[in-house]
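An overview of the molecular structure
Below are the chains, spelled out letter by letter.
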Amino acid sequence: MLRIRNLHASIDGREILRGLSLGVQAGEVHAIMGPNGSGKSTFAQVLAGRDIYKVAADELSFDGHDLIGMAPELRARSGLFLAFQYPVEIPGVSNLYFLRSAVNSVRKHRGLPEFDAVDFISVAKHCAAQFGLDDAMLKRAVNEGFSGGEKKRNEILQMMLLEPRLAILDETDSGLDIDALKVVARGINAMRRPGRAIVLVTHYQRLLDYVEPDQVHVLVGGSIVRSGTKELALELEQRGYSWLEQPVAVET
Amino acid sequence: MSALLAEQNIYATAFSEIVDRLPGRGLDWLDHLRKGSIERFVQLGFPTTRLEDWKYTNVSPIARRTFHHVLSPSRTQVADSMRSQVDLVPGPRLVFVDGILDRSLSLKPDCDGGLKLCSIAESLRDPQQAAALERHLGRYPGLPDHAFVAWNTAFFADGAYIEIPAGEVVMRPIHLVFISSGAGQPIAAHPRNVIVVGDGARAALVETFLSVPGQASLTNAVTGIVAGANAAVDYYQMECESTDSFHVATVNASLARNADFTSHTFSFGAALTRNDLVVTLDGEGAQCRLDGLFLVEGDRLVDNHTEIDHRQPHATSRELYKGILSGYGQGVFNGAIIVRKDAQKTDAVQHSKNLLLSDHAQINTKPQLEIRANDVRCAHGASIGQLDQESMFYLKTRGIDSRAARQMLIRGFAAEILDGIRVPDIRRQSADLLDAWFESSLEAA
């Protein structure tokens, strides 16, 4: 579903991703772990189409679409979703209106009928309730004045409503207390499907206690230096990242 | 300068030609007032950008045209598209075409619960009402150096005279509509409105300005509002004129003890708009909230000058003006707050927030605080920004295209103003006009 070979990304002449390669199949959950500054968030943003990065790769494709040069909204409509590490606050725009616009633009692309305001309220409420979310969050402005936990849950709510083929969750566990973490993990697990892939980008192993990955990759210095099963995450938890941070031969 | 003086002389001549037919002719105080005003107008001349108050607003497009004045109602049919805007707010209304009352479009209040809503020209014919008007018209509205106010005072041919008795609660908004007919020649209308709200009375007042596209026109309106003790006035100014029009509006509100005045000033369409809003907090505990939203595209200009005069203690003022500017549009905000020596415990907050959608749009925003009391809270802030790129990316990653994302952020920016509108029809219309403006500014870009 996601095929990446030799991905490079730079910003202001500084190279952040240096020859990253990764393959993700439908139905799989992958965890990308790595120390601060290793390029995890850049990787997530590049996949979603952030145009501030200069991107080059031998292959960067999702479901057969070449992602290079593809607009972020088209990626989203094709089924790619990014849960932001720092969701953006948008004052004056109600969450409900924002969610409906997003869902309708994706539905339109898929040839499905769009929701009117009334129908959408019940859909959104249903999703929110499943997930233990307060209705009031729907009426407030997008992420404005939301606590860290509320923002992360709002991201998961968007994921549930948009039903992506590939979900990339960027540090969705950061800043959550253990109860909130469990709620978010429950939301993620509820999304697992044979036809859907999930990529968890995280610094810590603890989310993986609740969402069990099929594969774990370690990102250091802009490329993947080791891949393994969930046991690799436990090893990282005990030993940290330093033992992997040896200079790695990077193909240039 | 000499060219401008020549223009004023044209109006001095025009004045001598029509003065005998202006309403209230023969009332000594008014004859005197009009004569003094035309002299003042000629003496002041059209303001130039050398004056601090007009530094960014070049009125030469007005000064170099010759505008005509009409004294009888136009026979022009009001276009159907305007009919819906005239009918927008249900309730009593007066409609003025080229500055003259059009009876057929106006609606008198259906029950006379004491609300007086009439033409100022008519009222001047009644000795008792004329005497009452003398108290309000007998001086400039606090702006002796404002050439356009002097021009209005000399030439006004009609306007609304509204009186709301003490304790009266007017349920439905009172609508004043001013239409430039675009008939034949460039016409200047100088509506003059006097609104007296008694102690404890409450009312909402909407002034809508419309013009037929295709012909240059000038509307130079002056509205005086006097609010008694504990009165509440909710005032809206909807400038929805065409880009062939020039709009100059001066509003002067004077508030007694514990009176509450809110205003919403919207500027949507005229080529050049200059608004002066002067609020005098002349009683303890008086409060005002002044909100404004202006949209400019093409090479339009909107200039909002406001002045809040805190004269008495414990008064509160809140002010928020927002501008959205695209193309080569220009905006000006100048917000004066004066706190007199006796006005202790004044609480004043002013914000000017501006969204620039193009590299060529321009905004000049300036707070102007004069504080002579020592126990006060005065805060002000100004911001100028562009659409936030993080927010744009966030919306796009949800499948929302660039255009819809821009529109969403622009609506979000305006929401702080629109959400404060208490008349639902006006709230809806403002949102529609914002969306229509968004479409047209995209086409222009």
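Coordinates for the structure precede this section.
First, a word on scope: everything that follows refers to the structure included in this document. What you are looking at is a predicted structure, and each value in this text was computed from that prediction instead of being measured. (Residues numbered from 1 in each chain as written. Chains lettered and ligands numbered in written order. Predicted model: local features only at pLDDT ≥ 70, side-chain atom pairs only at ≥ 80, totals over all residues.)

1. Some remarks on the pairing of strand E7 (residues 192-197) of chain B
All names here are of chain B. Burial runs high along E7: 6 of the 6 residues are buried. Of the two faces of E7, the one lined by Arg192, Val194 and Val196 and the one lined by Asn193, Ile195 and Val197 are each fully buried. For E7 and strand E9 (residues 217-227), the ladder comprises 6 bridges, and the chain directions are parallel. Bridge assignment links Val194 to a residue of E9, and that residue is Gly224. (Buried ≥ 20, exposed ≤ 12 C-beta atoms within 10 Å, placed from the backbone. Helix = DSSP H or I, 4+ residues; strand = E, 2+ residues; numbered from the N terminus. Pairing = 2+ DSSP bridges.)

2. Quick notes on the interface of chain A and chain B
By a widely used convention, the size of an interface equals the accessible area lost when the partners come together. In this assembly, 19 residues from chain A lie in contact with 18 residues from chain B. When contributions to the side of chain A that touches chain B are tallied by element, the ones reaching two or more residues are helix H2 (72-77), strand E8 (90-94) and helix H3 (95-109) of chain A. Looking at which element gives the most residues to the side of chain A that touches chain B, the answer is H3(A), with 5 residues. Here the side of chain A that touches chain B is composed, by residue class, of 11 nonpolar, 5 polar and 3 charged. (Contact = placed C-beta atoms within 7 Å. Nonpolar A, V, L, I, M, F, W, Y, C, P; charged D, E, K, R; others polar.)

3. Observations concerning the packing of helix H6 (residues 148-162) of chain A against helix H7 (residues 178-191) of chain A
Residue and element names in this part refer to chain A. Contact geometry of H6 with H7 gives a least axis separation of 10 Å together with a crossing angle of 10 degrees. The angle between H6 and H7 falls in the class roughly parallel. Side by side, H6 and H7 meet where Gly149, Lys152, Arg153, Ile156, Met159 and Met160 of the first sit next to Ala180, Val183, Val184, Gly187, Ile188 and Met191 of the second. Broken down by class, the residue content of the contact of H6 with H7 amounts to 8 nonpolar, 2 polar and 2 charged. (Axes fitted to C-alpha atoms, helices over the stretch in contact; angles between N-to-C directions. Parallel < 35°, antiparallel > 145°, perpendicular 65-115°, else oblique.)

4. Thoughts on the sheet that holds strand E8 (residues 202-211) of chain B
Residue and element names in this part refer to chain B. An order of E2-E1-E5-E8-E10-E12-E14-E16-E18-E20 is seen for the 10 strands of this open sheet, with the pairing classed as mixed. Lying at the two open borders of the sheet, with one neighbouring strand each, are strand E2 (100-101) and strand E20 (377-385). Examined bridge by bridge, strand E5 (residues 174-180) and E8 share 7 bridges and lie parallel to one another. Of the residues in E8, the one forming a bridge with Val177 is Thr208. Running over the sheet, helix H9 (residues 402-418) touches strand E14 (287-296), strand E16 (316-325) and strand E18 (347-356) and is turned about 160 degrees from E16.

5. Topic: the packing of helix H2 (residues 28-44) of chain B against helix H7 (residues 147-155) of chain B
All names here are of chain B. One can describe the packing of H2 onto H7 by two numbers: an axis separation of 8 Å at closest approach and a directional angle of 145 degrees. Handedness of the H2/H7 crossing: left-handed. Here Leu33, Arg34, Ser37, Ile38, Arg40, Phe41 and Leu44 of H2 come into contact with H7, specifically with Ala147, Ala150, Trp151, Thr153 and Ala154. Looking at the contact of H2 with H7 residue by residue, the class counts come to 8 nonpolar, 2 polar and 2 charged. (Left-handed = near helix turned anticlockwise from the far one by under 90°.)

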